[in-house]
Amino acid sequence: MNKLLIGRYIPGNSFVHRLDPRTKLLASFYYIGIIFLADNWQTYLVLLLFTLAAIAMSKIKLGFFWKGVRPLIWLILFTVLLQVFFTQGGHVYWHWGIFTLSQYGLINGTYIFVRFVLIIFMSTLLTLTTPPLALADAVEYILYPLKYVHFPVYEVALMLSIALRFVPTLMDETEKIMNAQRARGVDFGEGSLMQRIKSLVPLLIPLFVSSFNRADDLATAMEARGYRGGEGRSKFRILKWHAADRWVGLSFIVLTIILIVLR
Amino acid sequence: MTKAIEVQNLSFRYSEEAKRNAIQDMSFTIENDEWVAIIGHNGSGKSTLAKSIDGLLPLEKGTIIVNGIELSEANLWQVRDQIGMVFQNPDNQFVGATVEDDVAFGLENRGVPRAEMVQRVQDALQRVNMTAFATREPAHLSGGQKQRVALAGIIAVRPQILILDEATSMLDPKGRQDVLATIRQLKAETHMTVLSITHDIDEAASADRILVIDDGQLKQQGTPAEIFRYGSRLIKMGLDVPYTAKVAEDLSTAGVALPSQFLDESELAQTLWTLHSQM
Amino acid sequence: MDITFTNVDYTYQANTPFQGVGLRDINLTIHGGSYTAIIGHTGSGKSTLLQHLNALLKPTAGTVQIGDRTITPATNNKNLKPIRQKVGMVFQFPESQLFEETVLKDIAFGPQNFGMSADKAHQRAEEMAELVGLPKETWEQSPFDLSGGQMRRVAIAGVLAMQPEYLVLDEPSAGLDPLGRQEMMDLFNKLHRENGLTIVLVTHQMDDVANYADQVVVMEHGQVIRTGTPREIFANEQWLVDKQLGVPKTTHFAEVLKQQGFQFEPLPLTEDELVTALLPQLLRQGGAANE
């Protein structure tokens, strides 16, 4: 249950924590874009140093970032191996059927590996330093222009914030129902695959029933409190840009220029 | 002067197949600034009644007038503006991601400008004594604190009528006392009309008048002292029996001559002492 | 069968930045055949303690002896079923655990998990439905069509159907109306007296403690701060007020009467005791009223 990434915000008051969530979200997207500019060891080194500097400023231990890599390690290794064995060129070290171990293959494989790790580090930095709610605000801001093509931005934002607000409630509920069924002799996660799937029924049905009841209650409460859809609503939560956000923007421009020069 | 709530010949049935009406031809009036408690066992139609008054259930038969406005499809939102409701489950009415967001929800719905909103949220939190929790998330609050936040959300929009639909029934004794104390204080400060649906003896005792509902019908009404006189029969009406009433009944059965009216703790103690002194 | 806690600690989410203390140095014995009430504020560790009674949680230090099984931090999660069968647990708002198509099927779920045949479990389910007072016409209905109070009875019957020796109850009457509450407490009292079940009750209702329990455990900040009989615990009203735990209504009213001039030795705990102690001070010998 604790593996859920969304709840992994680590409270703090570092430079990175204090940044506007929009800055962090946009910067993360931008970073994923410019990482493809890198094509030699100098550029990758610059990116690595930049990322490590950002992590250092968050004052969060590097170990937490490795934890973000771990669940994806097989996918990464699979992709890296594909690159290694199917890229041709340079000195050939080894050859067997369709597989070739070449110089370029090894270099490309290393680059891909570093690229993956850097992207995961940067997005982990976003989720570790930004409360989910602030992220939801940032998403709403980014979606805002879609309002002009009649996309229900307010409704989606409200849905997102309510969904986040109910994550802990539903996790408690899940744990409680699991305990109640364990007390009635259910073994979760034991036996054959069929038995495991069967043991989920006494968990999922009560969870659905209670979620629907909650949704029903919540809808009634919202109506009683005057909710009539997004039109005409004012907003309590607002975001403000600060000087720090400008510095971050500037540093990303500088980074982009360096990458272009070095490639 | 207009009445706070007038209910005339109200009937309601949940579905065509339902065996009986959830509410059967009910009529009553609630005055401005009055505190009325509605009691009845589970399934007696109390919650249906509360939801009907707020237009949360379709009005089928009968008339509901709130602050002089007759409830209809057309002025549904006008009626809802007069009423704030606190429901039973503290978790399922907490919309906002944090305490202050939740208090602001009703204001956002009414399009209140942000500057005013901030002021009103602060003020409301202060009144329920939850200022220190403004930025907390609901997962870190107790049930009683969540209900006080719900009250703040209502105060912020300043309705004239407060409906409590078993608002304290899922709380521990401490939470219940805190919420009840907050309601008493708000009532004194704002002179809101309070309609509280409850099983709780302390909440019922706070009311000016008690309505007893059974089988969707209004069976009795009177002041708390009048209703408490029913003694052990109260439990069938969905209310706890006041402790002094139980003791008085036991003593009467054993042959002690006690007056038939309801006596609170100190009254019963004095009456018993007088009897003892006459021995 | 006894359950004994020896130097039990429990730490939540150990070795993470979110770790917290659940229980600290618990030493406690719950004897078979007793009716034990556990009281304390929300968050004092009552629910954590309960989950150790049937090894849903294992101590992070110390041991819990459940009958002939010893649970230590190193105990394997397998083969705990016999414990779960012996110690039946009714959680708060247990109606949320219902999932089967019919009332009887839901009640029969537990015994079947412990290896009982479907036929026999069905028969057991009928007996339990009867025992908890579910009207016959509800037996083949979906549990979700019943009232809240009846759903709770189904859940309790489902635990009783496993024929446990212990019945552990976490605020079993919360959210019910007064009549439902009284019927629920009468049911547990009957199971204790007539069927010999050991009862462990977590409650905020001091009247229930005074009326039914023979042992009281008081918890605060994850520790047991007092144990004793209800008479011992409630003898010191000031201590209970300081701890904001509340006192039984009888004890409170007896104090009011004492201030008025009446005398009680010992202080009555239940309504019956109070009336018995009062009558000689109100009526002349022979029982006639004072007229």
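Per chain, residue numbering runs from 1 following the sequence as it is written. Here every chain gets a letter starting at A, and every ligand a number starting at 1, in the order they are written. Reporting in this predicted model follows two pLDDT cut-offs: at least 70 for local features of residues, and 80 or more for side-chain atom pairs to be given and counted; totals over whole chains, interfaces and linings ignore these cut-offs and use all residues. Note that water and hydrogens are dropped before the side-chain values are worked out from all heavy atoms of the structure.

Chain C goes by Energy-coupling factor transporter ATP-binding protein EcfA2 in an unreviewed UniProt entry, where it is assigned to Lactobacillus selangorensis. UniProt positions are given in the numbering used here, feature names are shortened, and annotations may be inferred rather than shown by experiment. A UniProt comment under Function (unreviewed entry) is attached to chain C, and it reads "ATP-binding (A) component of a common energy-coupling factor (ECF) ABC-transporter complex."

Per an unreviewed UniProt entry, the recorded name for chain A is Energy-coupling factor transporter transmembrane protein EcfT, and the organism is Lactobacillus selangorensis. We quote the UniProt Function (unreviewed entry) comment for chain A here in full: "Transmembrane (T) component of an energy-coupling factor (ECF) ABC-transporter complex. Unlike classic ABC transporters this ECF transporter provides the energy necessary to transport a number of different substrates." Looking at chain A in UniProt, the text filed under Subcellular location (unreviewed entry) is "Cell membrane".

S.K.: Sorry if this is basic, but what is going on with the UniProt feature "transmembrane region" (unreviewed entry) in chain A here?
M.R.: All names here are of chain A. Sites flagged by UniProt as "transmembrane region" (unreviewed entry) map to residues 44-66, 72-94, 106-128, 148-167 and 243-262. With 100% helix and 0% strand, residues 106-128 has end C-alpha atoms that lie 32 Å from one another. Here a helix means four or more residues in a row that DSSP labels H or I, a strand means two or more in a row labelled E, and each is numbered from the N terminus. Taken end to end, residues 243-262 has its terminal C-alpha atoms 29 Å apart, with 100% of it in helix and 0% in strand.

S.K.: I keep staring at the nonpolar core and nothing clicks. Help me out?
M.R.: Side chains that are nonpolar tend, in soluble globular proteins, to be buried together. With 52 residues, the main nonpolar core has Ile107(C), Leu167(C) and Phe188(C) as its most contacted residues. Top element by residues in this core is helix H5 (residues 148-160) of chain C. It accounts for seven residues. Any two residues whose heavy atoms approach within 4.5 Å at even a single point are treated as in contact. Beyond its immediate chain neighbours, meaning those up to four positions away, Phe188(C) contacts Tyr35(C), Ile156(C), Leu167(C), Leu169(C), Pro172(C) and Ile199(C). Residues belong to a common nonpolar core when they are buried Ala, Val, Leu, Ile, Met, Phe, Trp, Tyr or Cys residues joined through side-chain atoms within 4.5 Å. Only protein chains enter the accessibility calculation, which uses a 1.4 Å probe; a residue whose area is less than 20% of its type maximum is buried, one above 50% is exposed, and one in between is partly exposed. Judged by nonpolar contacts, the second largest core, of 51 residues, contains Leu141(B), Val179(B), Ile183(B) and Val241(B).

S.K.: Can you walk me through the interface of chain C and chain B in this structure?
M.R.: Interfaces are often sized by the accessible area lost when the parts come together. Listed as interface residues are 33 residues of chain C and, on the opposing side, 33 residues of chain B. Salt bridges, as used here, are contacts in which a Lys or Arg side-chain nitrogen is within 4 Å of a carboxyl oxygen on Asp or Glu. Along the contact surface separating chain C from chain B lie one salt bridge. Between Arg181(C) and Asp240(B) there is a salt bridge, with the nearest N and O atoms lying 2.7 Å from each other. For this analysis, a polar contact is any N or O atom pair within 3.5 Å, provided that within protein one partner can donate a hydrogen and the other can accept it, and provided that sequence-adjacent residues contribute only side-chain to side-chain pairs. Connecting chain C to chain B are six residue pairs in polar contact (both at pLDDT 80 or more). For the side of chain C that touches chain B, the elements supplying multiple residues, two or more each, are helix H6 (178-195), helix H10 (249-260) and helix H11 (271-282) of chain C. Ranked by the residues each element gives to the side of chain C that touches chain B, the list is headed by H11(C), at eight residues. Under the scheme applied here, ten amino acids are nonpolar (Ala, Val, Leu, Ile, Met, Phe, Trp, Tyr, Cys and Pro), four are charged (Asp, Glu, Lys and Arg), and all others, including Gly, are polar. Classifying every residue of the side of chain C that touches chain B gives 16 nonpolar, 11 polar and six charged.

S.K.: Looking at this structure, I do not really get unusual backbone geometry. What am I missing?
M.R.: With omega at -5°, the peptide bond leading from Glu265(C) into Pro266(C) counts as cis. Mapped onto the fold, Pro266(C) is located in the loop between H10 and H11.

S.K.: How should I be thinking about the pairing of strand E4 (residues 61-66) of chain C in this particular structure?
M.R.: Strand residues, when the strand is regular, have side chains that alternate between the two faces of the sheet. Residue and element names in this part refer to chain C. For two strands to count as paired, DSSP must find a minimum of two bridges between them. Taken together, the five bridges between strand E1 (residues 3-12) and E4 define a ladder with antiparallel strand orientation. Residue pairing for E4: phenylalanine 5 is matched across the bridge by valine 64. Once E4 ends, the chain turns through two residues before running back antiparallel as strand E5 (residues 69-71), passing glycine 67 with a positive phi of about 60°.

S.K.: Would you mind showing me how to read the interface of chain A and chain B here?
M.R.: Residue-level contacts link 26 residues of chain A with 37 residues of chain B. When two parts are put together, the accessible area they lose, computed with a 1.4 Å probe and summed over both, is reported as buried area. When the two sides are added together, the surface that chain A and chain B hide from each other amounts to roughly 2800 Å², 55% of it contributed by carbon and sulfur. If you sort the residues of chain A by the area they bury against chain B, Arg165(A), Arg225(A) and Phe236(A) come out on top, with a joint share of 33%. At the junction of chain A with chain B, the criterion picks out 17 residue pairs in polar contact (both at pLDDT 80 or more). Of the residues forming the side of chain A that touches chain B, the biggest block, eight residues, is contributed by helix H9 (residues 193-224) of chain A. Its residues assigned to classes, the side of chain A that touches chain B comprises 12 nonpolar, five polar and nine charged.

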